[in-house]
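For reference, the chains in residue letters:
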Amino acid sequence: MNAPMVRAEGVRKHFGKLEVLQGIDLTVERGQVCCLLGPSGSGKSTFLRCINHLEKVDGGRLTVDGELVGYRQHGIKLHELREREVAERRRDIGMVFQRFNLFPHMTALENVIEAPVKVGRVPKAVAREQAQQLLEQVGLGDRAGHYPAQLSGGQQQRVAIARALAMKPKLMLFDEPTSALDPELVGDVLDVMRDLAADGMTMVVVTHEIGFAREVGDTAVFMDQGVVVEAGDPRQVLAEPEQERTRAFLSKVL
Ligand SMILES: Nc1ncnc2c1ncn2[C@@H]1O[C@H](COP(=O)(O)OP(=O)(O)OP(=O)(O)O)[C@@H](O)[C@H]1O
Ligand SMILES: [Mg+2]
């Protein structure tokens, strides 16, 4: 199938009277990295949450890998998916948050095998082997037995990435994965994300790491007040933005 991995057409979302997404148009092709930037409250997290149906879209059309998020289409009719079907589709999408949300009473390895064993019904021995490989991939092969409290923020975030990868997602969503980290820990996490991108993972990354967006991003999307103000090649959007709003924002974060 040649459908883009993510396609948003006029996506709308409101919370009560607040129109948080006012018609988002955006396409992420397979294997591409899309970096989302924009001021606080512009709707970046809400949009990411719509992609894996943690929020329900109110209008427009949103597809992942050619399938409507949250609905099945029969002719011109849309049928809302049942919770079980939503959960099934969500398994294909990995999400990494600003706060790592690891299970504190589980070791790094136990955190990584939890979903494959409980949800994916992968045999424990197989899951452990895969988890060890994933921990090595994120540079933490020697920390498998550590509990989150025994790991730095950057290490915890890399465990969180390994945990998301354990379900073999076709799409990874990152919501400001480095913004809660001490500056010296940011690089290791970005390196892991850079490797993932180089391996061909499709990624949507909310980040204010302009350097990362410029080097790794295939597209940069600047959002403000629930709309895409400007999108395109990161080297263009971030270096020579056409829109005044983009320029004003970049002058604050750079
Ligand atoms: N569940 C909710 N109920 C009501 N309002 C919400 C809800 N979630 C988000 N909002 C509001 O929607 C707007 C957009 O929020 P969102 O978290 O998407 O912004 P953001 O661009 O991710 O901001 P930040 O950079 O601060 O993370 C904000 O005004 C927020 O207060
Ligand atoms: Mg946010």
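Now for a description of the structure that goes with this document. Just so we're clear, the structure is a prediction, and the values are computed from it rather than from any experiment.

Time to look at helix α4 (residues 124-137). When the terminal C-alpha atoms of α4 are compared, their 20 Å separation across 14 residues agrees well with the 20 Å that a helix rising 1.5 Å per residue should span. Every buried residue of α4 is listed here: A127, A131, L134 and L135. Projected down its long axis, α4 shows its buried positions confined to an angular sector of 100°, all on one face. Those residues of α4 that are exposed and angled more than 90 degrees off the buried face are A125, E129 and Q133. On the buried face of α4, the contacting elements are α3 (108-118) and α5 (153-165). Residue G139 follows α4 closely and has a positive phi angle near 80°.

Turning our attention to the nonpolar core. One finds L135, I161, M172, F174, M193 and M203 to be the most contacted residues of the largest nonpolar core, which totals 50 residues. For this core, the leading source of residues is helix α6 (residues 183-198), giving 8 residues. Residues in contact with M203, not counting those within four places in the same chain, are V28, Q32, V33, C34, L171, M172, F174, M193, L196 and A197. In terms of nonpolar packing, the next biggest core, distinct from the first, is built from 27 residues, V11, F47, V64 and V69 among them.

What counts, and at which threshold
Residues numbered from 1 in each chain as written. Chains lettered and ligands numbered in written order. Predicted model: local features only at pLDDT ≥ 70, side-chain atom pairs only at ≥ 80, totals over all residues. Heavy atoms only, no water. Helix = DSSP H or I, 4+ residues; strand = E, 2+ residues; numbered from the N terminus. Expected span 1.5 Å × (residues − 1). Buried < 20%, exposed > 50% of the residue type's maximum accessible area, 1.4 Å probe, protein only. Arc of directions from axis to C-beta. Contact = heavy atoms within 4.5 Å. Core = buried A, V, L, I, M, F, W, Y, C linked by side-chain atoms within 4.5 Å.

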